[in-house]
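Residue-level listing of the chains:
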Amino acid sequence: MAKEKKMQDQVKNKADIEGVCNNSPANQEMMSTSDFLPDFSSSVISNIRKQMENLHVHSHREENLCFENASSLIDFLPINAIEPTSSSQILKRKMPEANRERRKTTSKSNESNIYSPLTSFITADSELHDIIKDLEDCLMVGLHTCGDLAPNTLRIFTSNSEIKGVCSVGCCYHLLSEEFENPHKECTQEKWGFPMCHYLKEERWSCGRNARMSACLALERVAVGQGLPTESLFYRAVLQDIIKDCYGITKCDRYVGKIYSKSSSFLDYVRKSLKKLGLDESKLPEKMIMDYYEKYKPRMNELEAFNMLKVVLAPCIETLILLDRLCYLKEQEDTAWSALVKLFDPVKSPRCYAVIALKQQQ
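What counts and what doesn't
Residues numbered from 1 in each chain as written. Predicted model: local features only at pLDDT ≥ 70, side-chain atom pairs only at ≥ 80, totals over all residues. Heavy atoms only, no water. Helix = DSSP H or I, 4+ residues; strand = E, 2+ residues; numbered from the N terminus. Expected span 1.5 Å × (residues − 1). Buried < 20%, exposed > 50% of the residue type's maximum accessible area, 1.4 Å probe, protein only. Contact = heavy atoms within 4.5 Å. Core = buried A, V, L, I, M, F, W, Y, C linked by side-chain atoms within 4.5 Å. Polar contact = N/O pair within 3.5 Å; in protein donor to acceptor, adjacent residues only side chain to side chain. Pairing = 2+ DSSP bridges. Axes fitted to C-alpha atoms, helices over the stretch in contact; angles between N-to-C directions. pLDDT = per-residue confidence, 0-100.

By the naming in an unreviewed UniProt entry, the protein is Methyltransferase like 25, taken from Myotis myotis.

Right under this line is the structure:
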């Protein structure tokens with residue numbers, strides 16, 4: 001009875017809407033709200049009120065009808081995929097225990113048909129058939145693929161005939177591995193994150209970590225309408241000079257990280273940084289640390305100007321990395337179409353460009 005009443009109300013609402021729309025002239029391109037809103041509102045609102053009244057009267061019956069329907073959309077979701085709200089919690093309390101168990105069983109059986117979540121470390125040599133047993137024609141999508149995961153995604157696309165298309169949005173360029181960054185360092189790695197295309201490989205092109213870091217951080221700051229955090233960079237620059245002069249260290253494999261936000265002053269920043277780097281902080285008295293600070297403080301404007309230059313050049317570095325990936329795809333014989341596509345608003349997502357490619361149909 002509740003379903004029949006609901007169907008009657010929906011048919012009546014549809015008839016009211018169609019009647020109002022049919023009253024408009026056929027050649028009229030735009031209809032102002034004043035032409036139809038009064039009649040439309042009165043009929044629809046009255047029907048909504050009736051439906052609300054019926055909802056209160058038949059609420060218990062409606063709940064049973066909803067949860068007894070085996071083809072309900074909610075059955076296709078796992079139990080923990082539904083965000084608890086006040087209304088859902090009420091329904092859950094009223095739901096019979098038998099229905100709750102049936103829903104758990106149904107969601108588990110249908111869960112594998114919709115998605116199969118897994119966690120795996122992906123490299124260019126990863127065999128997808130070992131991960132996805134029934135791999136068929138598919139599209140590979142990577143959103144914010146960190147570091148080498150972006151180029152490895154493209155390599156997997158080119159080496160697997162089942163993958164017909166790829167959409168890759170990269171990020172964390174500073175974590176990219178570069179083949180020619182340290183030419184004198186022996187390494188057994190065969191596949192690198194940069195460069196990928198033949199031309200840049202022949203030129204033995206290298207960006208360096210600082211340039212790649214600028215491409216990440218600078219663009220993100222500009223996207224949200226901020227400048228680079230000059231004071232934190234100033235702290236970092238002075239700290240580097242202190243370590244060089246007092247400890248004789250010019251290069252270090254360790255990183256300071258995000259200590260600036262946890263420090264109350266420059267002195268506190270230096271102490272915490274030295275401790276994290278494993279250096280003896282007792283070697284430096286407080287006066288010596290503050291002397292370095294006062295010595296370089298007048299040059300903070302120079303540092304700010306230098307950082308703004310990095311901001312200006314940052315898009316060039318990111319574009320170089322993205323074009324390298326695009327050229328790699330265009331070099332593949334079975335690539336039918338490839339392009340850089342702007343998918344997102346750069347204000348909301350600094351990494352807004354996707355490398356997209358489709359294979360030729362066989």
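Caption draft 1: Focus on helix H10 (residues 230-247). Here H10 contains 18 residues, and its C-alpha end-to-end distance of 25 Å stays within 8% of the 26 Å for a straight helix at 1.5 Å per residue. Considered for burial, the residues of H10 that qualify are Thr-230, Ser-232, Phe-234, Tyr-235, Val-238, Leu-239, Asp-241, Ile-242, Ile-243, Cys-246 and Tyr-247. Contacts made by the buried residues of H10 are with helix H11 (266-276), helix H12 (286-296) and helix H13 (300-331).

Caption draft 2: How the structure looks around the nonpolar core. The biggest cluster of nonpolar side chains holds 24 residues, and the ones touching the most others in it are Leu-154, Tyr-173 and Leu-329. Where this core is concerned, the elements lending two or more residues are helix H7 (149-159), strand S2 (163-171), helix H9 (209-223), H13 and strand S4 (353-359). Of all the elements, H13 adds the most residues to this core, at five residues.

Caption draft 3: Structural view of the side chain of Ser-126. Mapped onto the elements of the fold, Ser-126 is located in the loop between helix H5 (97-114) and helix H6 (128-131). For Ser-126, the side chain forms a polar contact with the main-chain nitrogen of Thr-123, separated by 2.7 Å.

Caption draft 4: Representation of the sheet that holds S4. Taken in spatial order, the four strands of this open sheet run S1-S2-S4-S3, and their pairing is mixed. With one partner strand each, in any of the chains shown, strand S1 (138-146) and strand S3 (335-342) form the two edges of the open sheet. Neighbour to neighbour, the strand axes of the sheet diverge by 10 degrees on average, direction disregarded. Here S2 runs beside S4; their pairing, made up of four bridges, is antiparallel. Residue pairing for S4: Cys-167 is matched across the bridge by Ile-356. Across the sheet, H7 is in contact with S1, S2 and S4; its angle to S2 comes to roughly 170 degrees.

Caption draft 5: Representation of the confidence of the model for the protein within the structure. When pLDDT is averaged along the protein, the result is 75; 64% of the residues meet or exceed 70. Confidence, expressed as mean pLDDT per element, reaches its minimum in the protein at helix H3 (residues 59-68) with 42 and its maximum at helix H8 (residues 198-202) with 95. In this model residues 17-41 is a low-confidence stretch, pLDDT under 50, and it forms seven contacts with partners more than four residues away in sequence or in other chains. The low-confidence segment residues 58-94, where pLDDT is below 50, has 38 contacts with residues more than four positions distant or belonging to other chains.

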